[in-house]
Amino acid sequence: FDLGLSTLNPTITMDPSDQKHFAVVDYVVFAVLLAASMGIGLYYALSGGRQRTTQEFLMADRNMRCLPVSLSLIASFQSAVAIIGVPAEIYAHGTQYWFIGCAYLLGLFIPAHVFIPVFYRLRVTSAYQYLELRFSRAVRICGTLTFICQMVIYMGICVYTPAFALNAVTGFELWVSVLATGLVCTLYTTIGGLKAVIWTDVFQTVVMFAGQLVVIVVGVQKTGGVSEVWRKVWEGNRISGLDLNPDPTERHTFWTLGVGGVFLMLSLYGVNQTQVQRYLSARTEKEAVRSCYMAFPSLQLALALSCVMGLVMFARYCGENHSDKLGTAAGDAMVLYFVMDMLQGLPGLPGLFVACLFSAALSTISSAFNSLATVTMEDLIKPHFPAMTEARAILLSKALAMSYGLLCVAMAYFTHLMGDSVLQMALKIFGMIGGPILGLFSLGMFFPWANSTGAVAGLGAGLSVSFWVSIGTILNRSSGSSSLPALICSPRSFYMLIASLCSFSRPSGLKRFYSLSYMWYSAFNCFTVILIGLIVSFLTGRRVLTCALRTVYPLLGKLLCFLPERLKKKLCCVTPLGQAVSNSSRINSCVFQSPYSNII
């Protein structure tokens, strides 16, 4: 229904004929970005060891400093999805989403002090090698295949989003844009390896921040200054307070974002191969931990820029939807309309922002291509061909990176068929698939008595429940009533919204379960894997420490430190350091010192 918003900003319009217009200088700026990314890839293809070994191609010779690694950690998931999705979220629903920044602290602290020490001291190449050391080959393969599915689907969104942006603001053919994005990224990833990916991430992060900052500065100036922006967003009810509602079906509250967001962050920065590969490329363990800490302020800055951009958008339009002027009804297109409105008449700046989107997308996509090639090579191919020569291995690794690039371009086709915003789609994917993966690693690291049967059963149960809830959510949404308007820009609008709220009833039974906030998906699926995994492990006969002690973090021993040592050993399976394991022949690196020798 009409909230009477059309009269609030009657003078702010943009000639639709100007929408799809790039000046020559905009194309030059955009072309320079792609050329620079390609140049970095060529440089690392022709310098150093020339990517002639899998160690150099996949792990950057384990010789990277903490600064480029930390910027690459940000760029790997600060994609075009976030640059477009977060401002659109703030514009439509207010600043409540900003509270996800609270989750960044624990979401990076725990990986720095739990996951990084375990992975780094095991000297693995793929995070899923850990699962074989801890459980069995079958668990490793299951984890690898799950990760591949997650990243291929997510990459479809990442490839589609900047191509959609370029099409919206220039009229450039959508699928030509998709193909160009995928091919450029595939090429420099294939020829340059992880070093090229990390250093292009650094360059693209700078471009990404610059593009957002330019839009915000120009937007504030054209809206009337900081005080005017603040007045409009305050009167428009876009500044959200601390919502402590414990209801898990509420889309965004402090608990869904600040607590549920921790599990989402752990699935990304704790056990995701894309990030683990960056930790392992660092020169030392201390450099890896430091890079994790250095990512915190940069992530907060990226979140702040995106949220402020959404607020400036609201101050400019006060909730009006002009996305139809770009030839689409998608809410995310409103961000692109805002950018072109603000930057029209400023040659080069529209090109800079589209370059910003492509920078974010290319950094994410290249990181994924490299990590997908790594896990496929290390987890699915090398175990079956241990005598493969280094020359053939590096050639196959490059072929895998290229193949995944083409596959992700194909997946982009399905993205435009989905109904959610790009931000919500991305976070749902990480919750649905990343949550069970987090549960699998947590089961192995924190519960020494869990066995491989329990791990496989837990992962299967977690994925099954995840897809059950997701399908139920889709069916429930399609059969439900239309969503409420989120905009309150005048007293009249407020009273109309209150009247509408009175007419809506809360869902009950399974429908309420299907209404679970998508921010809880990671936590819910993680605990499902752990619970089922422990139950099945006990039913199938627990085996105390089926692997080397260095694969287990003594979490329970720390939490139950008040118990007598004898009882603690019985409950937590604390095995004396150096005790041989029955299947040590399967673990060829048992000679390494335990990372917890100074604790036990």
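Bear in mind that the values here come from a model prediction, so they are computed numbers and not experimental data. (Residues numbered from 1 in each chain as written. Predicted model: local features only at pLDDT ≥ 70, side-chain atom pairs only at ≥ 80, totals over all residues. Heavy atoms only, no water.)

1. Describing the overall build of the protein chain
Then, number 1: Counting its secondary structure elements, the protein chain contains 23 helices and 0 strands.
Then, number 2: The proportion of buried residues among the 600 residues of the protein chain is 60%.
Then, number 3: Taking the contacts inside the protein chain whose residues are at least 6 apart along the sequence as the reference set, 86% of them involve residues at least 24 apart.
Then, number 4: Surface accessibility of the protein chain: about 23400 Å² in total, with carbon and sulfur atoms responsible for 67%. (Helix = DSSP H or I, 4+ residues; strand = E, 2+ residues; numbered from the N terminus. Buried < 20%, exposed > 50% of the residue type's maximum accessible area, 1.4 Å probe, protein only. Contact = heavy atoms within 4.5 Å. Areas by Shrake-Rupley, 256 points an atom, 1.4 Å probe, with all protein chains shown as cover.)

2. Comments concerning unusual backbone geometry
Then, number 1: Backbone geometry places Arg123, a non-glycine residue, at a positive phi of 55°.
Then, number 2: Position of Arg123 relative to the elements: it lies in the loop between helix H5 (103-122) and helix H6 (129-134).
Then, number 3: The partly exposed category is assigned to Arg123, whose relative accessible area is 41%.
Then, number 4: In this structure, Asn237 is a non-glycine residue whose phi angle is positive, near 60°.

3. Comments concerning the pattern of salt bridges
Side-chain pairs of opposite charge can arise where the charged atoms are in close proximity.
Then, number 1: Under the criterion given, the structure shown has 10 salt bridges.
Then, number 2: Residue Glu132 pairs with Arg140 through a salt bridge whose shortest N-O separation is 2.5 Å.
Then, number 3: On the basis of relative accessibility, which here comes to 11%, the residue Glu132 falls in the buried class.
Then, number 4: The exposure class assigned to Arg140 is buried, which follows from its relative accessible area of 7%. (Salt bridge = Lys/Arg side-chain N within 4 Å of Asp/Glu carboxyl O.)

4. Regarding the nonpolar core
Then, number 1: One finds Tyr97, Phe119, Phe353 and Phe441 to be the most contacted residues of the largest nonpolar core, which totals 146 residues.
Then, number 2: Broken down by element, the residue count for this core peaks at 16 residues, all from helix H13 (residues 285-317).
Then, number 3: Core analysis: the second largest hydrophobic core is formed by 12 residues, Phe22, Leu34, Val184 and Val354 among them. (Core = buried A, V, L, I, M, F, W, Y, C linked by side-chain atoms within 4.5 Å.)

5. A few points about the confidence of the model for the protein chain
Then, number 1: This prediction gives the protein chain a mean pLDDT of 75; 72% of its residues lie at or above 70.
Then, number 2: The least confident element of the protein chain, judged by mean pLDDT, is helix H19 (residues 491-502) at 46; the most confident is helix H21 (residues 521-539) at 92.
Then, number 3: Low pLDDT (under 50) marks residues 480-488, which in the prediction has 26 contacts with non-local residues, meaning those over four places away or in another chain.
Then, number 4: Predicted confidence is poor over residues 490-504, with pLDDT under 50, and the contacts of this stretch with residues over four places away or in other chains come to 19 contacts. (pLDDT = per-residue confidence, 0-100.)

6. Notes on H21
Then, number 1: Taking 1.5 Å per residue as the helical rise, H21 with its 19 residues ought to reach 27 Å, and the 27 Å between its terminal C-alpha atoms agrees with that figure.
Then, number 2: Taken together, the buried positions of H21 are occupied by Tyr521, Ser522, Ala523, Asn525, Cys526, Thr528, Val529, Ile530, Gly533, Leu534, Val536 and Ser537. (Expected span 1.5 Å × (residues − 1).)

7. Concerning the side chain of Thr551
Then, number 1: By the secondary structure assignment, Thr551 is in the loop between H21 and helix H22 (555-559).
Then, number 2: Its relative accessible area of 0% is what places Thr551 among the buried residues.

8. Some words on a nonpolar patch on the surface
Then, number 1: On the surface, a cluster of nonpolar side chains totalling about 340 Å² of accessible area is made up of Leu179, Leu183, Met402 and Leu406.
Then, number 2: Contributions of two or more residues to the nonpolar patch are made by helix H8 (174-223) and helix H16 (390-415).
Then, number 3: In this fold, Leu179 is placed in helix H8.
Then, number 4: Residue classification places Leu179 among the partly exposed residues on the basis of a relative accessible area of 42%. (Patch = residues over 30% accessible without salt bridge, like charges linked within 9 Å, V, L, I, M, F, W, Y side chains within 5 Å.)

9. Some thoughts on the packing of H5 against helix H12 (residues 273-281)
Then, number 1: Look at H5 against H12: their axes get within 10 Å of each other, and the N-to-C directions meet at 70°. As summarised for this structure, H5 and H12 are arranged roughly perpendicular, according to the angle between their axes. Contacts between H5 and H12 involve Pro111, Ile116, Phe119 and Tyr120 from the former and Val276, Tyr279 and Leu280 from the latter.
Then, number 2: Broken down by class, the residue content of the contact of H5 with H12 amounts to 7 nonpolar, no polar and no charged. (Axes fitted to C-alpha atoms, helices over the stretch in contact; angles between N-to-C directions. Parallel < 35°, antiparallel > 145°, perpendicular 65-115°, else oblique. Nonpolar A, V, L, I, M, F, W, Y, C, P; charged D, E, K, R; others polar.)

10. A short note on the packing of aromatic side chains
Then, number 1: As enumerated under the stated definition, the model contains 16 aromatic pairs in all.
Then, number 2: Here Phe119 and Phe441 contribute two aromatic rings whose centre-to-centre distance is 5.8 Å and whose plane-to-plane angle is 80°, an arrangement assigned as edge-to-face. Of this pair, Phe119 sits in helix H5 while Phe441 sits in helix H17 (residues 422-446); the two residues are 322 residues apart in sequence, bridging distant segments of the chain. Phe441 shares its class with Phe119; the two are buried. (Phe/Tyr/Trp six-rings, centres within 6.5 Å; stacked < 30°, edge-to-face > 60°.)

11. Describing the packing of helix H11 (residues 260-269) against H21
Then, number 1: The geometry of H11 relative to H21 is characterised by a closest axis approach of 7 Å and an angle of 70° between their N-to-C directions. Classified by the interaxial angle, the pair formed by H11 and H21 is roughly perpendicular. Contacts between H11 and H21 pair Phe263, Leu264 and Ser267 from the former with Ser522, Ala523 and Phe527 from the latter.
Then, number 2: Tallied by class, the residues present in the contact of H11 with H21 amount to 4 nonpolar, 2 polar and no charged.

12. Section: the environment of Ala457
Then, number 1: Examined against the element boundaries, Ala457 turns out to sit in helix H18 (residues 452-479).
Then, number 2: Along the backbone, Ala457 and Val529 are 72 residues apart, and their C-alpha atoms lie at a distance of 7.9 Å.

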